[in-house]
Amino acid sequence: MRRITVPLLAAVVLGAAVAGAATLSSARAGARSTTKTVKLTVWVGWQKRELNEFKGVVSEYDRKHADVQIKVVGNINDTKITAAIRSGNVPDVVSSFNSYNVGVYCGTGAWIDLAPLMSQSHVSVSMFPAATQYYTQYKGKRCALPLLADTYGLYYNKALLAKAGIKSPPKTMTELTADAKKLTQRDSKGNIKVAGFDPLVGFYENLPERMITSFGGKWQDSKGHAILATNSAWSKLAQWQKSLVDWYGYNKLVKFQAGLGDEFSASNAFEQGKLALHLDGEWRVAFIADEHPSLKYGTAPMPVDSAHPELYGSGYINGTIIGIPKGVKHKSQAWDLVKYLTTNNHALAVLSNGLRNVPTTRSSLTSKEIKPDVHFATFLKIFANSKSSTSPITASGASYTDAVAHFFEQWQAGKAKNLGKGLKTLDRQLDAQVAQAGGGGPP
């Protein structure tokens with residue numbers, strides 16, 4: 001699931017606290033062998049229900065491996081991971097929700113290179129789809145493997161579409177615009193009661209990297225320099241987005257959003273019928289099933305630029321990554337666990353069913369253990385689509401995409417007046433950011 005990103009990891013301070021430890025050794029079946037038991041610690045970002053789902057999978061592994069005893073620590077973020085690495089007191093396995101930061105972890109050596117271990121274990125990177133192959137390495141150094149993925153698509157309220165006379169979800173951005181306007185409901189003062197589609201960057205999961213896939217946008221040239229000003233997809237996205245924002249009225253949208261519920265709660269705007277069309281990740285399927293099972297809705301790929309119909313069916317991908325930090329004391333045992341969690345189809349299916357995130361090997365996508373769900377199946381297909389893409393992996397980590405989001409926030413509010421000039425300035429800013437962090441560019 002997409003969580004809050006953190007600033008450039010190089011700026012992280014020491015002394016981050018670690019919370020949420022939970023031991024998985026108490027439920028072991030049978031006695032330990034006479035072999036000395038190695039105690040492993042695994043750090044993950046999940047909390048509460050999701051953490052318990054992950055613990056269940058690790059516990060199954062733990063019971064079958066008498067040589068290890070595993071403790072899982074939840075509520076971990078990149079700040080805590082980096083602080084632990086700097087202090088030299090590291091867990092055996094670490095997981096992050098931010099694939100954006102692979103450039104930092106690989107580039108600095110904070111996470112070890114897994115390629116030698118993969119070679120020894122005959123694990124081929126070809127077992128993972130292309131997008132995940134890309135965001136788990138940096139400049140040829142593979143310091144992470146994918147552990148479930150987030151895939152983005154369109155959610156639509158069937159009742160609201162039927163009421164507006166719309167028979168199917170939009171497939172192009174032109175159709176999305178027309179449908180959004182038709183589906184929007186206002187009160188007598190022009191205030192928004194129901195938004196056909198909320199285009200504001202910064203709202204829930206709305207970020208430029210998730211929208212640019214609909215236009216086929218490229219981020220960098222072959223030398224790793226930002227090309228947002230010269231790649232026409234970016235100006236197309238900006239103009240489309242601003243046009244719809246202006247139709248609603250920027251202040252009207254801000255006011256509308258102020259009255260909406262928290263994204264990760266039962267008062268989520270789409271779940272409450274306040275949004276007719278909505279960009280979101282696959283995990284929303286599980287939230288709706290738990291919180292509003294009677295909601296009549298559908299899922300589909302995001303609409304695409306009319307000039308690129310071949311992109312329909314693809315979407316934006318990022319996801320949870322897992323690796324081994326430098327300074328680890330039990331590298332062999334840590335690798336065996338990482339390998340199991342990322343390549344074993346049974347483990348991936350159980351995690352996918354429990355967390356409702358997309359499993360990350362090609363073969364796991366068609367596993368018979370995956371619980372059938374017509375809504376979730378949409379995201380499995382988007383993930384498998386060869387044209388699905390992700391954000392660039394750079395030395396500056398999440399700060400790269402954060403800078404792009406900041407520009408779009410200024411643009412949509414009318415504070416950036418000249419689009420072409422603004423994108424050129426943004427390109428220079430991105431290049432300078434990467435250079436300062438110590439490198440960048442494509443793999």
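Owing to the predicted nature of the structure, the values given are computational and were not obtained by experimental measurement.

**Q** Please set out the state of the cysteines residue by residue, giving values where relevant.
**A** Taken as a whole and judged by the stated rule, the model has one disulfide. Here Cys106 pairs with Cys143 through a disulfide, and the sulfurs are 2.1 Å apart. On the sign convention where negative means left-handed, the S-S torsion of about -90° between Cys106 and Cys143 marks this disulfide as left-handed. Separated by 37 residues along the polypeptide, Cys106 in helix α3 (residues 102-108) and Cys143 in the loop between α5 (130-135) and β5 (145-157) bring together distant segments of the chain. We classify Cys106 as buried; its relative accessible area is 2%.

**Q** Any details on unusual backbone geometry? Residues and values, ideally.
**A** In this model, Asn75 sits at a positive phi of 60°, which is unusual for a non-glycine residue. Relative to the helices and strands, Asn75 is located in the loop between β3 (68-73) and α2 (78-87).

**Q** Before we move on, can you summarise the environment of Phe256 with the specific residues and values?
**A** You can see Phe256 is positioned in helix α10 (residues 250-258). The class for Phe256 is buried, based on a relative accessible area of 7%. In this structure the C-alpha to C-alpha distance between Phe256 and Phe383, which are 127 residues apart in sequence, comes to 32 Å.

**Q** Outline the pairing of strand β4 (residues 93-96), supporting the account with residue identities and numerical values.
**A** Neither face of β4 is open: one carries Val93 and Ser95, the other Val94 and Ser96, and all of them are buried. Bridge count between strand β2 (residues 38-43) and β4: two bridges; the pairing is parallel. Its bridge partner lying in β4, Val42 is registered against Val93. Inspection of the sheet shows β4 paired to strand β10 (residues 317-323) by three bridges, in the antiparallel sense. Within β10, the residue paired with Ser96 across the bridge is Ile321.

**Q** Report on the side chain of Arg356, specifying residues and quantitative values.
**A** Summarising the element assignment, Arg356 is placed in the loop between α13 (345-355) and α14 (374-384). Despite its burial, Arg356 pairs with no opposite charge; the closest candidate is Asp373, at 4.4 Å N-O. A distance of 2.9 Å separates a polar side-chain atom of Arg356 from the backbone oxygen of Lys371.

**Q** So what's going on with the pattern of salt bridges? Which residues, and what values?
**A** With the rule as written, the count across this model stands at seven salt bridges. Between Glu60 and Lys64 there is a salt bridge, and its shortest N-O distance comes to 3.5 Å. Taken together, the residues span about one helical turn, with Glu60 and Lys64 both in helix α1 (residues 48-64) at a distance of four residues. Overall, the relative accessible area of 19% leaves Glu60 in the buried class. Ionic pairing is found between Lys242 and Asp246, a salt bridge with its closest N-O pair at 2.9 Å. With a gap of four residues between them, Lys242 and Asp246 both fall in helix α9 (residues 232-248), about one helical turn apart. Residue classification places Lys242 among the buried positions, given a relative accessible area of 17%.

**Q** Before we move on, could you go through the packing of α1 against helix α12 (residues 331-343) and cite the residues and values that matter?
**A** At their nearest, the axes of α1 and α12 sit 11 Å apart, and the two run at 120° to each other. Taken together, the axis directions place α1 and α12 in an arrangement best described as oblique. Between α1 and α12 the crossing geometry is right-handed. Packed against α1, whose contacting residues are Phe54, Val57, Val58, Glu60 and Tyr61, the element α12 presents Asp336, Leu337, Tyr340 and Leu341 at the interface. Taken together, the residues that form the contact of α1 with α12 break down as seven nonpolar, no polar and two charged.

**Q** Can you tell me about the confidence of the model for the protein chain, naming the residues and giving the values?
**A** Close reading of the predicted structure is inappropriate where its pLDDT is low. The predicted model of the protein chain averages 91 in pLDDT, with 91% of residues at 70 or higher. Counting interchain partners and residues more than four positions distant, the pLDDT-below-50 stretch residues 10-34 has 56 contacts.

**Q** Describe the packing of aromatic side chains, naming the residues involved and giving the relevant values.
**A** This structure, assessed with the given rule, holds 20 aromatic pairs. Look at Trp219 and Tyr400: their rings are 6.2 Å apart centre to centre, the planes differ by 40°, and that puts the pair in the tilted class. Taken together, the residues span a long stretch of sequence, with Trp219 in the loop between α8 (208-211) and α9 and Tyr400 in helix α15 (residues 399-412) at a distance of 181 residues. On the basis of relative accessibility, which here comes to 0%, the residue Tyr400 falls in the buried class. Connected via pairs of aromatic rings, a cluster forms that spans Tyr152, Phe264, Trp283, Phe287 and Tyr316. The residue whose ring lies beneath Arg186 is Trp247, and the NZ or CZ to ring-centre distance is 4.9 Å. A cation over a ring is seen here: Arg284 above Phe287, with NZ or CZ 4.9 Å from the ring centre.

**Q** Talk me through the packing of α15 against helix α16 (residues 419-437); I want residue IDs and the actual numbers.
**A** Contact geometry of α15 with α16 gives a least axis separation of 10 Å together with a crossing angle of 160°. The orientation of α15 relative to α16 falls into the category roughly antiparallel. The two elements α15 and α16 cross, and the hand of that crossing is right-handed. When α15 is examined against α16, the residues Ser399, Tyr400, Ala403, Val404, Phe407 and Trp411 are found in contact with a partner set consisting of Leu419, Gly422, Leu423, Leu426, Gln429, Leu430, Gln433 and Val434.

**Q** I'd love a proper account of the pairing of strand β8 (residues 275-281), names of residues and values included.
**A** Judged by how many residues are buried, β8 sits mostly within the fold: seven of seven residues are covered. Bridge count between β5 and β8: five bridges; the pairing is antiparallel. Across the sheet, the residue bridging to Gly153 is Asp280, located in β8. With two bridges connecting them, strand β7 (residues 192-197) and β8 associate as parallel partners. Bridged to Phe197 within β8 is Leu277.

Rules of the game
All residue numbers refer to positions counted from 1 along the written sequence of the respective chain. At least 70 in pLDDT is required for a residue's local features to be given in this predicted model, at least 80 for side-chain atom pairs to be given and counted, and no such filter applies to totals for whole chains, interfaces and linings, which use all residues. Computation of side-chain values covers all heavy atoms of the structure but excludes hydrogens and water. When the sulfur atoms of two cysteines come within 2.5 Å, that pair is taken as a disulfide. In this description a helix means any DSSP run of H or I spanning at least four residues, a strand means any run of E spanning at least two, and both kinds are numbered starting from the N terminus. Three labels apply to residues, based on accessible area from a 1.4 Å probe with only protein chains included: buried if under 20% of the type maximum, exposed if over 50%, partly exposed otherwise in between. Between any two strands, pairing holds if DSSP finds at least two bridges. The positive count covers Lys and Arg only, the negative count covers Asp and Glu only, and His and the chain ends enter neither. Basic side-chain nitrogens of Lys or Arg form a salt bridge, by our definition, when they fall within 4 Å of a carboxyl oxygen of Asp or Glu. N or O atoms closer than or at 3.5 Å make up a polar contact, with two conditions inside protein: a donor-capable atom paired with an acceptor-capable one, and, for residues adjacent in sequence, both atoms drawn from side chains. Here, axes are lines fitted to C-alpha atoms. For helices the fit covers the stretch in contact, and angles between N-to-C directions go from 0 to 180 degrees. In this scheme, roughly parallel covers angles under 35 degrees and roughly antiparallel covers those over 145, while 65 to 115 is roughly perpendicular and the rest are oblique. Each helix crossing is assigned a hand: it is left-handed if the near helix lies turned anticlockwise from the far helix by less than a right angle, otherwise right-handed if that turn is clockwise. Contacts are assigned to residue pairs that have any heavy atoms within 4.5 Å of one another. Only Asp, Glu, Lys and Arg are considered charged in this grouping, and only Ala, Val, Leu, Ile, Met, Phe, Trp, Tyr, Cys and Pro are considered nonpolar; every other residue, Gly among them, is considered polar. The quantity called pLDDT is the predictor's confidence in a given residue, expressed from 0 to 100. Within 6.5 Å between ring centres, the rings of Phe, Tyr and Trp (the latter by its six-membered ring) count as paired, and their orientation is classed by plane angle as stacked under 30 degrees, edge-to-face over 60, tilted in between. Two thresholds decide whether a charge sits over a ring: the Lys NZ or Arg CZ must be within 6 Å of the ring centre and within 35 degrees of the ring normal.

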